[in-house]
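Residues per chain are reported as follows:
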Amino acid sequence: MQAQTISIIVPAWNESALLAGTLQSIGEGCRNLTCQTGMRTQLIVVDDGSRDSTAELAVPYADLILRQPARRGKGAALRLGWRAASGEVVVFLDADLGSSAKHWPDLIQPLLEGECDMTVAKLPQASRKGGFGLVRGAAARGVRWLSGFRSQAPLSGQRAVRSEILHRSRGRYDGFGVEVGLLIDAVKMGYRVQELEVPLYHRETGRNWSGWWHRGKQLAAVSRTLWACWRKPVC
Ligand SMILES: O=c1ccn([C@@H]2O[C@H](COP(=O)(O)OP(=O)(O)O[C@H]3O[C@H](CO)[C@@H](O)[C@H](O)[C@H]3O)[C@@H](O)[C@H]2O)c(=O)[nH]1
Ligand SMILES: O=C(O)[C@H](O)COP(=O)(O)O
């Protein structure tokens, strides 16, 4: 596909520890891409009601900073971001990727070469033990049941998407259900989705109380999204 501008959206909630490093590395990827292809990039940071210095830290790096007055969750943050985006391709990247974020252009190559309409990054094996695969497994089964697509990384938030998919899917999914909903909608609307290995690393959720609480919220959001996709399919 032909694309002149790539919009990158980074949702961030209390990410002062890792945000600057992530944005700096995204910028490195942007410069490489512009040098090689002449394409423009637009970096949008959505501060999801942070109580720390997240928004201030984004100032030197972002083309646009959007602020939610209070925390509304990842789905709402992405929605706010893509509605302001001008690119034909939108890339979603989490705020905690650190220096690995420079590899984000890997995600757009298959789109530019016309091989697919949406890519999802499969991250390398985690360095420490995380969960037991319950949320990921439930999400993968739900995606397969509702769309027929066999996903290995249904929760991965690192993606590149043709912007028309976002407009047609209408950003109707909230919280941590956004990835699963977008994947199901894209496949059901006939778009081609490719999962590919990209050397991106993120903060891993541990086996402790806050980790289990986090996974509980993920599971609840994924379940709500699967229910919504079943009750009101996109097409
Ligand atoms: O209320 C929130 C919570 C998180 N975030 C941001 O969303 C991103 C992902 O959040 P994180 O807590 O790092 O999620 P993970 O535990 O890493 O969750 C995995 O699974 C999620 C779906 O369940 C995906 O959104 C993530 O991309 C994927 O890495 C980060 O940039 C956060 O700052 C918000 O903007 N608002
Ligand atoms: O750590 C993770 O990958 C997510 O929090 C999901 O956890 P789980 O799929 O291992 O339950």
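Residues numbered from 1 in each chain as written. Chains lettered and ligands numbered in written order. Predicted model: local features only at pLDDT ≥ 70, side-chain atom pairs only at ≥ 80, totals over all residues. Heavy atoms only, no water.

Looking now at the site of ligand 1. Not every one of the 21 residues close to ligand 1 is listed here, only the nearest: Glu15, Asp48, Asp94, Glu179 and His214. Between Lys74 and ligand 1, the recorded distance is 2.7 Å, taken from a side-chain N or O atom to an oxygen atom. Gln218 has a polar side-chain atom sitting 2.9 Å from an oxygen atom of ligand 1. Coverage of ligand 1 by the protein amounts to 93% of the 670 Å² it exposes when considered alone. (Near = heavy atom within 4 Å. Polar contact = N/O pair within 3.5 Å; in protein donor to acceptor, adjacent residues only side chain to side chain. Areas by Shrake-Rupley, 256 points an atom, 1.4 Å probe, with all protein chains shown as cover.)

What follows is about the sheet that holds strand β2 (residues 40-48). Read across the open sheet, the seven strands follow the order β3-β2-β1-β4-β6-β5-β7; overall the sheet is mixed. For this open sheet the edge positions go to β3 (64-68) and β7 (193-197), each flanked by a neighbour on one side alone. Put simply, the sheet's adjacent strands are angled 20° from each other on average, direction ignored. With four bridges joining them, strand β4 (residues 89-92) and strand β6 (residues 159-162) adopt antiparallel strand pairing. The residue bridging Phe92 from the neighbouring strand is Arg159, located in β6. Helix α1 (residues 19-37) rests against β1 (5-12) and β2 of the sheet, and its axis sits at about 170° to β1. (Pairing = 2+ DSSP bridges. Helix = DSSP H or I, 4+ residues; strand = E, 2+ residues; numbered from the N terminus. Axes fitted to C-alpha atoms, helices over the stretch in contact; angles between N-to-C directions. Contact = heavy atoms within 4.5 Å.)

With that out of the way, let us pick up the packing of aromatic side chains. Counting across every chain of the model gives two aromatic pairs. With a centroid separation of 5.8 Å and 5° between ring planes, the pair formed by Phe132 and Trp212 is classed as stacked. Here Phe132 is found in the loop between β5 (118-122) and α5 (134-147), whereas its partner Trp212 is found in helix α8 (residues 209-231), with 80 residues between them in sequence. On the basis of relative accessibility, which here comes to 59%, the residue Phe132 falls in the exposed class. (Phe/Tyr/Trp six-rings, centres within 6.5 Å; stacked < 30°, edge-to-face > 60°. Buried < 20%, exposed > 50% of the residue type's maximum accessible area, 1.4 Å probe, protein only.)

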